[in-house]
Amino acid sequence: MKLWLILINDFCHDLFTGLWFGSFVTVFVLRGKVGDPALLQELTTLFTWLCLSSLFAIMITGMCRFFYYRNWDSGWNDAEKVSIKKRLLKIKHALLGGSMVLGTGLVIAWAL
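Our subject in this report is the structure included herewith. (Residues numbered from 1 in each chain as written. Predicted model: local features only at pLDDT ≥ 70, side-chain atom pairs only at ≥ 80, totals over all residues. Heavy atoms only, no water.)

## As for helix α1 (residues 3–33)
- When the terminal C-alpha atoms of α1 are compared, their 44 Å separation across 31 residues agrees well with the 45 Å that a helix rising 1.5 Å per residue should span.
- For α1, every residue scored as buried is listed here: I6, N9, D10, H13, W20, S23, F24, V27 and L30. (Helix = DSSP H or I, 4+ residues; strand = E, 2+ residues; numbered from the N terminus. Expected span 1.5 Å × (residues − 1). Buried < 20%, exposed > 50% of the residue type's maximum accessible area, 1.4 Å probe, protein only.)

Shown next as structure tokens:
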């Protein structure tokens, strides 16, 4: 895969992860601050769609990373360091994946 495509994909993956998290936090804060139920519902719906769209983009760009240019050892010379990097990436994705399921579930529940 061309380097510029990899950089754009990585940027998009990180950007949409931030958008997902931001939309979740925004809905959480709005629920405590907005008194008008109609406005709260409208804003919750808007941010729910942003959350779900971002989640879809995260999965697509993550699959591109996983299937097309998974290079575990770029810049890493030692097999032990590569093993540590793999383990940390698995832990990171397990934690983020769990929070994504929980957070997206909450946003959807709040939107209904």
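## Regarding the packing of α1 against helix α2 (residues 37–68)
- Packing of α1 against α2 leaves a shortest axis separation of 8 Å and a crossing angle of 155°. Between α1 and α2, the angle falls in the class roughly antiparallel. Two packed elements cross with a definite hand, and for α1 against α2 that hand is left-handed.
- When grouped by side-chain class, the residues that make up the contact of α1 with α2 number 15 nonpolar, nine polar and four charged. (Axes fitted to C-alpha atoms, helices over the stretch in contact; angles between N-to-C directions. Parallel < 35°, antiparallel > 145°, perpendicular 65-115°, else oblique. Left-handed = near helix turned anticlockwise from the far one by under 90°. Nonpolar A, V, L, I, M, F, W, Y, C, P; charged D, E, K, R; others polar.)

## Some thoughts on α2
- Here α2 is 32 residues long and its end C-alpha atoms lie 46 Å apart, about the 46 Å a rise of 1.5 Å per residue gives.
- For α2, the set of buried residues is L40, T44, F47, T48, C51, S54, L55, A57, I58 and T61.
- Where α2 begins, one side-chain oxygen reaches toward the backbone nitrogen of A38, 3.3 Å away; that side chain belongs to D36. (Polar contact = N/O pair within 3.5 Å; in protein donor to acceptor, adjacent residues only side chain to side chain.)

## Digging into the environment of W20
- Secondary-structure assignment places W20 in helix α1.
- Taking the C-alpha atoms as reference points, W20 and T48, separated by 28 residues in sequence, lie 9.3 Å from one another.
- Excluding anything up to four places from it in sequence, W20 contacts C51, S54, L55, I58, S99, M100, G103 and T104. (Contact = heavy atoms within 4.5 Å.)

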